[in-house]
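# Descriptive analysis of the structure
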Amino acid sequence: EKYGTTQQTIEAAYEWARTTFWWLEDREAFEEAFKDVEQLVGDVDDVYLLSLRCTLLLLRSVASMGDEAASAENAERRERLAKQFDLLIAKDDAPNAAAVARMRAACLRMFGASPDRTAELLVELRAVADAGHDLIGFPLAELVYLVSEYGKYGSDLPELDRKSVV
């Protein structure tokens, strides 16, 4: 904080949170680090910073599966964050940010969704892939991974059966 920018501070806090989750496997430390990142990011309208928060929230959601109270709290947080991404989608002056925001909002909503809702969101992700493949810096590899992981829910959808799938 003393020498870096706000973004560098957030990135450092994010990397610490990831480390506590993946390497240290310390749930308490992760929870503290998650809350630090959440507070640092706040309600910004920066798709990159919100994406960092999104990744940690999804990790938190996975870690708390089986805990009804924590799962309900995470579901509320996912929907609030998805709504922040929805606001970025509406900005037509930043097509890259809008495409990434569409992808992140769909991912947040896909977590814990019914198979029917997941299929709808896969169609949304397909549309994001079509829009995003021409954009420089769009995280297409991440989208391919998501579609392949959740593809079983959309295996009978003609929208996902085109040869031009990412």
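The structure reproduced in this document is the subject of the present report. Remember, it's a predicted structure, so these values are computed and weren't measured experimentally.

A separate point is the side chain of Glu38. Summarising the element assignment, Glu38 is placed in helix H2 (residues 27–41). With sequence-adjacent residues up to four places away left out, Glu38 is seen in contact with Arg53 and Arg77.

Glancing now at the packing of helix H3 (residues 47–63) against helix H5 (residues 95–110). Two elements in contact, H3 and H5, have axes whose closest approach is 10 Å; the angle formed by their N-to-C orientations is 15°. By the angle class used here, H3 and H5 are roughly parallel. Like other packed secondary-structure pairs, H3 and H5 cross with a definite hand, here left-handed. Between H3, through Val47, Ser51, Cys54, Leu57 and Leu58, and H5, the contact on the second element is made entirely by Ala97, Val100, Ala101, Arg104, Cys107 and Leu108.

Attention now goes to the environment of Leu57. Within the fold, Leu57 resides in helix H3. Leu57 has contacts with Phe34, Asn74, Arg77, Arg78, Leu81 and Leu108, leaving out every residue within four places of it along the chain.

Scanning all chains against the criterion turns up twelve salt bridges. Two residues, Arg77 and Glu38, come together in a salt bridge whose shortest N-O distance is 3.3 Å. Pair noted here: Arg77 is in helix H4 (residues 68–89) and Glu38 is in helix H2, with a separation of 39 residues, a long-range link. As far as the burial class goes, Arg77 and Glu38 line up, both buried. Note that Arg109 is salt-bridged to Asp86, the shortest N-O span being 2.7 Å. Residue Arg109 is found in helix H5, and its partner Asp86 is found in helix H4; the two are separated by 23 residues along the sequence. Judged by its relative accessible area of 30%, Asp86 falls in the partly exposed class. One network of salt bridges, in which partners are shared, links Glu31, Lys35, Glu38, Arg60, Glu73 and Arg77.

Here is what the cut-offs are and how they apply
Residues numbered from 1 in each chain as written. Predicted model: local features only at pLDDT ≥ 70, side-chain atom pairs only at ≥ 80, totals over all residues. Heavy atoms only, no water. Helix = DSSP H or I, 4+ residues; strand = E, 2+ residues; numbered from the N terminus. Contact = heavy atoms within 4.5 Å. Axes fitted to C-alpha atoms, helices over the stretch in contact; angles between N-to-C directions. Parallel < 35°, antiparallel > 145°, perpendicular 65-115°, else oblique. Left-handed = near helix turned anticlockwise from the far one by under 90°. Salt bridge = Lys/Arg side-chain N within 4 Å of Asp/Glu carboxyl O. Buried < 20%, exposed > 50% of the residue type's maximum accessible area, 1.4 Å probe, protein only.

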